[in-house]
Amino acid sequence: MGTMRSLRFISAEALVSHPQVARQSLDSVAYNLYPLLFKASYLLEQAEVTRAVLGRWPLEEFRLGALLGPSADHPQDLRDRACRACLEALVRGLADHVLQDQSRRRLRVADLTGIRDVQVQRCPCGRALGKWGRTRLLARTCCELQAEPLAVGLPVEVLADLFVTEGNFEAVVQALRPAGPAPLRVHCPSFRADSLSPSQLLHVLRLAGPGALRKLEVVHNVRLHAGHVQQLLAQVGFPRLASLTLPTKAFDAPPACASTPDGEDRLLASIARELSKMTQLTELSVAFSRLTGKIRTLLGPLQTPLRVLDLANCALNHADMAFLADCAHAAHLEVLDLSGHNLVSLFPSTFFRLLGQAARTLRILTLEECGIVDSHVGMLILGLSPCHRLRQLKFLGNPLSARALRRLFAALCELPELRCIEFPVPKDCYPEGAAYPQDELAMSKFDQQKYDEIAEELRAVLLRADREDIQVSTPLFGSFDPDIQETSNELGVFLLQAFKTALENFSRALRQIE
């Protein structure tokens, strides 16, 4: 990568490496070199230069994702560097920009979206600023600027993905609803909420410009019932929403109408009507909601085919599966999660019909804890064989033997685009005759040596088929989720994570004693 940099970029790096010189010479630098100076300062973590470049930004637009992405001058992609030092400097630079004399202010739009949060930070300092931290930083900066006596001209429109919890709620509300003139006007294409009350959620979403919102994730600790969901969709309205995630039990009946199935159905039909008004909706995640016999009511009225559908642990029945297999969405599905349902033993014909319908588009399939046993593997191989676009297959928590897994892996080698398999701990690794464990703690007590041997055999199956391009793993504690990682202290419910960390710290302490 490093050898492909243009001469212009190498010059920018050289200048940025001398922060004082760089800051003094900014006024004499050609405008079209500012993007290069920005990327070079970000790459080398020269935070004071980053701040100065933003402060003097001479162009009308600043788009972070585009500036950090690959370019002819520098092909490396820096969008997965959520570097704390650089991002703090960037936001401070933005504040400097709007505080300066109006005649020098050119910036109209600052798009701060486009950062990808990853598990391992590749920036030199290794310290990340996640989405929640970025939200708090921007909100606090907006609040500070609102307190400044400014001659406000046209405000700078700031686009940012917001992640709001109880911990940054007040600052975000003030940033979104300034009392007086504000130099930064925040707009949010995507919004994630956790540990808020339903009334706080409603309040902040009304302020967040719901008319332009593209993605809404309401997760874990927001305790919504179907009445809240109906109110949210009907009263706030999200005409341009493309992606919606609702928390656990979001379709449970409110206490008032729990006794009348009729009232419950009316509520669901009303929610479905509101969803059908969202003509751009293509992603719907409603995991851990009890939707037995209700899938037709919920998905039938939708105007657009869904590309992403998460129905994990929704207690689906035969009618639900039959609807899914024949509905208009099936032939468009790219991402499907049906975890927590005994698909092959209870609904073999409808499940495999659904796979057949989705085969041309399906990229990611998750079938965790679906009671898939050795005797199902032959059927599963047949069902997956037409899925030529499949890139990821996740099937943790299914009691399969090493022998069945070897057979399945041999078949999966035939899928040309497959790149990732998450497979369960083979049942050979647990005590013979014991039931396959269901909870995470019991699941993590297995024969590690035996597991390593079997995992090696499975990799050998891939290697013999010339498929070392497929990554395989068993992430027992779930895949990495940067947002949970960042706010787990505040949420206080992720005891397992804390327990794991405590064990790691304990073993580290033991090693030091030794």
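Residues numbered from 1 in each chain as written. Predicted model: local features only at pLDDT ≥ 70, side-chain atom pairs only at ≥ 80, totals over all residues. Heavy atoms only, no water.

Participant: Explain the layout of surface pockets here, please?
Facilitator: The gaps left among the atoms become clear once a water-sized probe is rolled over them. Each pocket or cavity is described by its volume, and for the second largest pocket that value is around 360 Å³. Residue lining of the second largest pocket: 19 residues in total, with A128, L129, G130, P482 and E486 positioned closest to the centre. (1 Å grid on protein atoms, 1.4 Å probe; cavity = no way out; pocket = protein on both sides within 12 Å on 5 of 7 lines; lining within 4 Å. Points joined across faces, edges and corners; volume = space filled by probe spheres on them.)

Participant: What am I meant to see in the nonpolar core here?
Facilitator: In terms of nonpolar packing, the biggest core is built from 156 residues, with F38, F191 and L338 touching the most fellow members. Setting aside residues up to four positions removed in sequence, L338 forms contacts with L311, A312, L316, M321, L324, L343, F351, L354, T366, L367 and C370. (Core = buried A, V, L, I, M, F, W, Y, C linked by side-chain atoms within 4.5 Å. Buried < 20%, exposed > 50% of the residue type's maximum accessible area, 1.4 Å probe, protein only. Contact = heavy atoms within 4.5 Å.)

Participant: Can you walk me through the state of the cysteines in this structure?
Facilitator: Here, disulfide denotes a covalent bond that connects the sulfur atoms of two cysteines. Using the criterion set out here, one finds 0 disulfides in the structure. Left without a disulfide partner, C86 is nearest to the cysteine sulfur of C83, which lies 3.6 Å away. We classify C86 as buried; its relative accessible area is 0%. C123 forms no disulfide, and the closest cysteine sulfur to it belongs to C125, at a distance of 3.9 Å. (Disulfide = S-S within 2.5 Å.)

Participant: Explain the pairing of strand 3 (residues 156-159) to me, please; I cannot follow it from the model alone.
Facilitator: Consecutive side chains along a regular strand alternate between the two faces of the sheet. Side chains V156 and V158 of strand 3 all project onto a buried face; the interleaved residues E157 and L159 project onto a face where none is buried. Strand direction decides the pairing type here: strand 3 and strand 5 (residues 184-187), joined by 4 bridges, are parallel. Along strand 5, the bridge assignment pairs L159 with H187. (Helix = DSSP H or I, 4+ residues; strand = E, 2+ residues; numbered from the N terminus. Pairing = 2+ DSSP bridges.)

Participant: What exactly am I supposed to notice about the packing of aromatic side chains here?
Facilitator: What characterises a pair of aromatic rings is the spacing of the ring centres plus the angle enclosed by the ring planes. Counted according to the given criterion, the structure contains 10 aromatic pairs. Between F38 and Y42, the aromatic rings sit 5.8 Å apart at their centres with planes inclined by 50°, giving tilted as the arrangement. In this pair, F38 and Y42 are both assigned in helix 3 (residues 34-43), 4 residues apart and thus about one turn of the helix distant. Residue F38 shares its accessibility class with Y42, and that shared class is buried. A centroid spacing of 5.1 Å and a plane angle of 90° characterise the contact between F38 and F62, whose relative ring orientation is edge-to-face. Taken as a pair, F38 in helix 3 and F62 in strand 1 (residues 61-63) lie far apart in primary sequence, 24 residues in all. Across the pair, F62 and F38 agree in class, each one buried. Over the ring of F163 we find R192; its NZ or CZ atom is 5.2 Å from the centre of that ring. (Phe/Tyr/Trp six-rings, centres within 6.5 Å; stacked < 30°, edge-to-face > 60°. Lys NZ or Arg CZ within 6 Å of the ring centre and 35° of its normal.)

Participant: Just checking my understanding: could you explain the sheet that holds strand 2 (residues 109-111) for this structure?
Facilitator: Whether parallel or antiparallel, the strands of a sheet pair through hydrogen bonds between backbone atoms. Here 4 strands make up an open sheet; going across it, the order is 1-2-3-5 and the pairing parallel. One side of each edge strand has no neighbouring strand; the edge strands of this open sheet are strand 1 and strand 5. This sheet shows a mean twist of 15° between the axes of neighbouring strands, independent of strand direction. Pairing geometry for strand 2 and strand 3, over 3 bridges, is parallel. Residue pairing for strand 3: A110 is matched across the bridge by V158. (Axes fitted to C-alpha atoms, helices over the stretch in contact; angles between N-to-C directions.)

Participant: Explain the side chain of T474 here, please?
Facilitator: Turning to its location among the elements, T474 is positioned in the loop between strand 15 (471-473) and helix 20 (482-491). At 2.9 Å, the side chain of T474 and the backbone oxygen of F423 are in polar contact. Only 2.6 Å separates the side chain of T474 from the side chain of Y451, close enough to count as a polar contact. Those residues in contact with T474 that lie beyond four places of it in its chain are L396, F423, P424, V425 and Y451. (Polar contact = N/O pair within 3.5 Å; in protein donor to acceptor, adjacent residues only side chain to side chain.)

Participant: What should I look at first to understand the sheet that holds strand 9 (residues 283-285) in this one?
Facilitator: Taken together, 11 strands build an open sheet; the order of strands is 4-6-7-8-9-10-11-12-13-14-15 and the sheet is parallel. Looking at which strands have only one partner, the edges of the open sheet turn out to be strand 4 (162-164) and strand 15. Within this sheet the neighbouring strands show an average axis-to-axis angle of 5°, counted without direction. Bridging between strand 14 (residues 420-422) and strand 15 involves 3 bridges; their strand directions are parallel. Among the inter-strand pairings, E422 is bridged to a residue of strand 15, identified as S473. Across the sheet, helix 9 (residues 198-207) lies against strand 6 (190-193) and strand 7 (215-218), angled at about 165° from strand 6, the strand it touches most.

Participant: Looking at this model, I keep getting lost on the side chain of R105. Mind explaining?
Facilitator: The residue R105 is located in the loop between helix 6 (84-99) and strand 2 in this model. Here R105 occupies a buried position and makes no salt bridge, while the nearest side chain of opposite charge, D101, is found at 8.0 Å. Among the polar contacts listed, one links the side chain of R105 to the backbone oxygen of V98, at a separation of 3.3 Å. Side-chain polar atoms of R105 contact the backbone oxygen of L154, separated by 3.4 Å. (Lys, Arg positive; Asp, Glu negative; His and termini not counted. Salt bridge = Lys/Arg side-chain N within 4 Å of Asp/Glu carboxyl O.)

Participant: Hey, could you run me through the environment of K215 in this one?
Facilitator: If you trace the backbone, K215 turns up in strand 7. Residues K215 and L309 lie 94 residues apart in sequence; the distance between their C-alpha atoms is 14 Å. Residues contacting K215, with those up to four places away along its chain left out, are P189, S190, F191, L241 and S243.

Participant: Got a minute to help me understand unusual backbone geometry in this structure?
Facilitator: Glycine aside, residues mostly have negative phi angles, and peptide bonds mostly take the trans form. Of note, the phi angle at N313 is positive, near 55°, even though the residue is not glycine. Of note, N313 is situated in the loop between strand 10 (308-310) and helix 13 (318-326). Even without being a glycine, A315 presents a positive backbone phi close to 55°. Within the secondary structure, A315 is located in the loop between strand 10 and helix 13.

Participant: Mind showing me how you'd approach the packing of helix 13 against helix 15 (residues 348-358) here?
Facilitator: Each pair of packed helices can be described by the angle between their axes along with the distance between the axes. Two elements in contact, helix 13 and helix 15, have axes whose closest approach is 8 Å; the angle formed by their N-to-C orientations is 20°. In terms of orientation, helix 13 lies roughly parallel with respect to helix 15. You can see that helix 13 and helix 15 cross each other, and the crossing is left-handed. Of helix 15, the residues touching helix 13 (which contributes H318, M321, A322, L324, A325 and D326) are T350, F351, R353, L354 and Q357. When its residues are assigned to classes, the contact of helix 13 with helix 15 shows 6 nonpolar, 3 polar and 2 charged. (Parallel < 35°, antiparallel > 145°, perpendicular 65-115°, else oblique. Left-handed = near helix turned anticlockwise from the far one by under 90°. Nonpolar A, V, L, I, M, F, W, Y, C, P; charged D, E, K, R; others polar.)

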